[in-house]
Amino acid sequence: MRWTYAGIRGIRLSHDDAPGPAVTENLLRIRDLLIQRHPEGIEDCVLGYQTLTVFFEPQVLGRERLIDTIEGLDPDLSRQPLPGRDIELPVWYSQESGQDLEAVSEHCKLSVEDLIRLHSSKTYNAYATGFAPGFCYLGDTPERLAIPRLNTPRREVPAGSVALADRQTAVYPIASPGGWRLIGRCPLRLFDVTDSPPGLISVGDRVTFRPIERDQFLAMGGSL
Amino acid sequence: MTALEITHVGLHATVQDLGRTGFLGQGITVGGAVDSFALRCANGLLGNSPGSAGLEVVLAGIKFQADQDIVVSVTGAPAPIRIDGEAQAMNRPLRVGPGSSFELGPSSAGSYTYIAVAGGVDTPPVLGSRSTVVREGLGGLEGRALKRGDSLACGSPNSNTPPLVMRKGYTHRGDDGSQRASTHITLRFIPGFHHDAVNDECRTRLCSDTFAITGSANRMATPLDGPPLNTGLTQLWSEATALGSIQVPPSGQPIVLLNDRQTMGGYPQMGAVIPPACVRLAQARPGCKVDFQRINVEEADRISWLTTHYEEARLSAITTLWGQPV
């Protein structure tokens, strides 16, 4: 673990190991410990695949104190229960709800049925939240589903779109531009400012997808 | 309840306060007035609390009418003001009578002008802030930029809203540095993020080359133009960005991230421009030349301390001169 500056009020910790569930767990533990040690003064924490960036309020928490805490952390933070939850997301996989489904099946040399089976048979780790409010990067997808992003991002991807890029998958929580490949849609609301936290998925959660049909999608509040 | 009726928007105007903090981990950006000191001054002139929401107007002005007597103030990038056709000064409280029309023209220098209203603009707060982030659809009026026909509710003025008189002999010279027409600025930055991982040439050239602000600068970021830099880094894992982050994408043209930045990015970041320099950069116009200067964190802290004390002194002078009956 190393640290560098992230501007005048940020410290960025980076893990030496390759990203994966173990690295995320370790970063989550460090985040929770830092917040516990400094309940006042830490304004925000952002988890990346390999990094934890801590933003502090310098008038409340001095940079030196925060760095001392970081340098004094037990490098072997383990065997503590993690707050991560298991989340199941219903998905209506179809060309109608995910306009790249057939193109992806062609690219991956898989039938649409096999593609759906493969995508919905794995438990994904929530590695990071960013890009857009509540947008959570989930991985890793099975190697056979790896596909590059679109060359030109779409101007607008509908809210709820389930998408693939490289070895990652995600659900677009709000309508936004995006370059990932769309394979279906989830009827649930993934981001609501009146919820606490406003995003349905948080880093550290484990996410699975469950195929549903068009009528179920509509019955669950999904819109086209 | 008083309401402002927007009758014209020149280019882009949004409701802004000091931003939405504490939600970066949820992918929600900070937003807030790009020139936050200018907004605080505008509020100070009216006896508002510093974080009251006001209007941030980009380059080309705005017009509105009020249904009742209101007091406003204008700070930031200098622009002509007319109330019912009569020219008015910036940096002082101005009364706008019921049915009168208030007109802010195009700014003559700088990019962001601020209008505060006694009592503050009272759109519904979202996650603790009224700041509009158009990309996220959050804050302000329905999460979008203002347009003609919008009606903006304003709160009740504080009882300490100043009378429209000024002490004799006092000339207010404006509230901040944003009225300077910059043609060449130096951005001091704290190295960090991937700074030590990029190649030596890229590190050296960031500080020795001169860049120029491009026409696509906005509240999210200021993209720069210059001889391309090669970081030597490919395929990074997405991670947090910071205010002022100097991103170097594969094109080699650096981008400095500002208030509405995406909370995470996958490009190499060389460090972060210090906050007062971010304001100067945002206020500068396309074509302005930009140099980067690396400073250590102690130097950045010293500048930050001086900036904070300068701003506090100016704000307290404004409150003293305008905030009490004479």
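Residue numbers run consecutively from 1 along every chain, following the written order of its sequence. Each chain gets a letter, beginning with A, and each ligand a number, beginning with 1, in the order they are written. Thresholds applied to this predicted model are a pLDDT of at least 70 for local features of residues and 80 or more for the giving and counting of side-chain atom pairs; totals over whole chains, interfaces and linings are not thresholded and use all residues. To obtain the side-chain values, all non-hydrogen atoms of the structure were used and water was disregarded.

## Considerations on the state of the cysteines
All names here are of chain B.
Alright, step 1. By convention in this document, the label disulfide applies to cysteine sulfur atom pairs within 2.5 Å. Here the structure, examined in full by the defined rule, presents 0 disulfides over all chains.
Alright, step 2. Looking at Cys 154, it has no disulfide partner, and the nearest cysteine sulfur is the one in Cys 41, 20 Å off.
Alright, step 3. No disulfide involves Cys 278; its nearest neighbouring cysteine sulfur is the one of Cys 288, lying 14 Å away.
Alright, step 4. Residue classification places Cys 278 among the buried positions, given a relative accessible area of 3%. Buried means the residue's accessible area, taken with a 1.4 Å probe over protein chains only, is under 20% of the maximum for its type, while exposed means over 50%, and partly exposed covers the values in between.

## Quick word on the sheet that holds strand β4 (residues 62–66) of chain B
Residue and element names in this part refer to chain B.
Alright, step 1. With antiparallel pairing, 6 strands are arranged side by side in an open sheet as β7-β6-β9-β4-β1-β11. Either end of the sheet is taken by a strand with one partner, and the two such strands are β7 (86–88) and β11 (151–154). Recorded for the sheet is a direction-independent mean angle of 30° between the axes of neighbouring strands.
Alright, step 2. When DSSP finds two or more bridges between two strands, those strands count as paired. In this description a helix means any DSSP run of H or I spanning at least four residues, a strand means any run of E spanning at least two, and both kinds are numbered starting from the N terminus. Bridge count for strand β1 (residues 2–9) against β11 is 4 bridges, and the pairing is antiparallel. When the bridges of β11 are listed, Glu 5 appears paired with Ser 151. Angles shown run from 0 to 180 degrees and are taken between the N-to-C directions of axes, each axis being a line fitted to C-alpha atoms and, for helices, limited to the stretch in contact.

## Let's talk about the sheet that holds strand β10 (residues 112–117) of chain B
Residues and elements named next belong to chain B.
Alright, step 1. The antiparallel open sheet is built from 5 strands, whose spatial order is β2-β3-β10-β5-β8. Lying at the two open borders of the sheet, with one neighbouring strand each, are β2 (12–16) and β8 (94–96). Along the sheet, successive strands turn relative to each other by an average axial angle of 30°, direction set aside.
Alright, step 2. Where strand β3 (residues 54–58) and β10 come together, 4 bridges link them in antiparallel fashion. Paired with Leu 55 across the bridge in β10 is Ile 115.

## Quick word on the confidence of the model for chain B
Residues and elements named next belong to chain B.
Alright, step 1. Looking at chain B as a whole, its pLDDT mean stands at 90, while 91% of the residues score no less than 70.
Alright, step 2. You can read pLDDT as the predictor saying how much it trusts each residue, on a scale of 0 to 100. By definition in these notes, contact holds between two residues if any of their heavy atoms fall within 4.5 Å. A low-confidence stretch, residues 167–172 (pLDDT under 50), is modelled with 8 contacts involving residues beyond four sequence positions or located in other chains.
Alright, step 3. Interface confidence in the predicted complex, given as ipTM, is 0.92; pTM for the same model is 0.92.

## Details of the interface of chain B and chain A
Alright, step 1. Contacts between the two partners involve 33 residues from chain B and, on the opposite side, 35 residues from chain A.
Alright, step 2. Summed over both sides, the interface of chain B with chain A buries roughly 2800 Å², with 64% coming from carbon and sulfur.
Alright, step 3. When the buried area of chain B at its contact with chain A is split by residue, Gln26(B), Trp237(B) and Met264(B) rank highest and sum to 22% of it.
Alright, step 4. The working definition used for a salt bridge is a side-chain nitrogen of Lys or Arg within 4 Å of a carboxyl oxygen of Asp or Glu. There are 2 salt bridges connecting chain B and chain A.
Alright, step 5. Between Arg63(A) and Asp301(B) there is a salt bridge, and its shortest N-O distance comes to 2.6 Å.
Alright, step 6. Any pair of N or O atoms that falls within 3.5 Å is considered a polar contact. Within protein, one atom must be able to donate a hydrogen and the other to accept it, and sequence-neighbouring residues count only if both atoms are side-chain atoms. Run the count over chain B and chain A and you get 11 residue pairs in polar contact (both at pLDDT 80 or more).
Alright, step 7. Elements with a contribution of two residues or more to the side of chain B that touches chain A: β12 (184–191), β15 (239–240) and α4 (297–322) of chain B.
Alright, step 8. Among the elements that line the side of chain B that touches chain A, the one with the most residues is α4(B), at 5 residues.
Alright, step 9. Residue polarity is assigned by list, with Asp, Glu, Lys and Arg as charged and Ala, Val, Leu, Ile, Met, Phe, Trp, Tyr, Cys and Pro as nonpolar; anything else, Gly included, falls into the polar class. Grouping the constituent residues of the side of chain B that touches chain A by class yields 17 nonpolar, 13 polar and 3 charged. Accessible area, probed at 1.4 Å, shrinks when two parts are joined; the buried area is that loss added up over both.

## Things to note about the domain arrangement of chain B
Residue and element names in this part refer to chain B.
Alright, step 1. These domain limits were set by an automatic method or by a database of domain assignments. The domains assigned to chain B are domain 1 (2–179) and domain 2 (184–295).
Alright, step 2. At the interface, 26 residues of domain 1 touch 13 residues of domain 2.
Alright, step 3. When the two sides are added together, the surface that domain 1 and domain 2 hide from each other amounts to roughly 1500 Å², 43% of it contributed by carbon and sulfur.
Alright, step 4. A per-residue breakdown of the area domain 1 buries against domain 2 is headed by Val 34, Tyr 112 and Arg 135, which together make up 37% of the total.
Alright, step 5. At the surface where domain 1 touches domain 2, the tally comes to 1 salt bridge.
Alright, step 6. One salt bridge connects Arg 219 with Glu 56, and the closest N-O pair in it is separated by 2.8 Å.
Alright, step 7. The interface formed by domain 1 and domain 2 includes 16 residue pairs in polar contact (both at pLDDT 80 or more).
Alright, step 8. When grouped by side-chain class, the residues that make up the side of domain 1 that touches domain 2 number 11 nonpolar, 12 polar and 3 charged.

## Side note on the side chain of Ser176(A)
Alright, step 1. Structurally, Ser176(A) can be placed in strand β11 (residues 176–178).
Alright, step 2. Once you skip the residues sitting within four places of it in the chain, Ser176(A) turns out to touch Phe131(A), Arg155(A), Glu156(A) and Val157(A).

## Comments concerning helix α4 (residues 112–119) of chain A
All names here are of chain A.
Alright, step 1. When we look at burial in α4, the residues that qualify are Leu 115, Ile 116 and His 119. Looking straight down α4, one finds that the buried residues subtend no more than 95° of arc, so they occupy a single side. Of the exposed residues in α4, those oriented more than 90 degrees away from the buried face are Glu 113 and Arg 117. In this description, the arc belongs to the directions extending from the helix axis to the C-beta atoms.

## So, unusual backbone geometry
Alright, step 1. Omega for the bond connecting Gly139(A) with Asp140(A) falls within 30 degrees of zero, at -15°, which places this linkage in the cis form.
Alright, step 2. Along the polypeptide, Asp140(A) turns up in the loop between β7 (136–139) and β8 (154–157).
Alright, step 3. A cis geometry characterises the amide bond from Ser196(A) onward to Pro197(A), with omega recorded as -5°.
Alright, step 4. Among the secondary structure elements, Pro197(A) is positioned in the loop between β12 (181–185) and β13 (206–211).
Alright, step 5. With a phi angle near 60°, Asn91(B) is a residue other than glycine that sits in the positive phi range.

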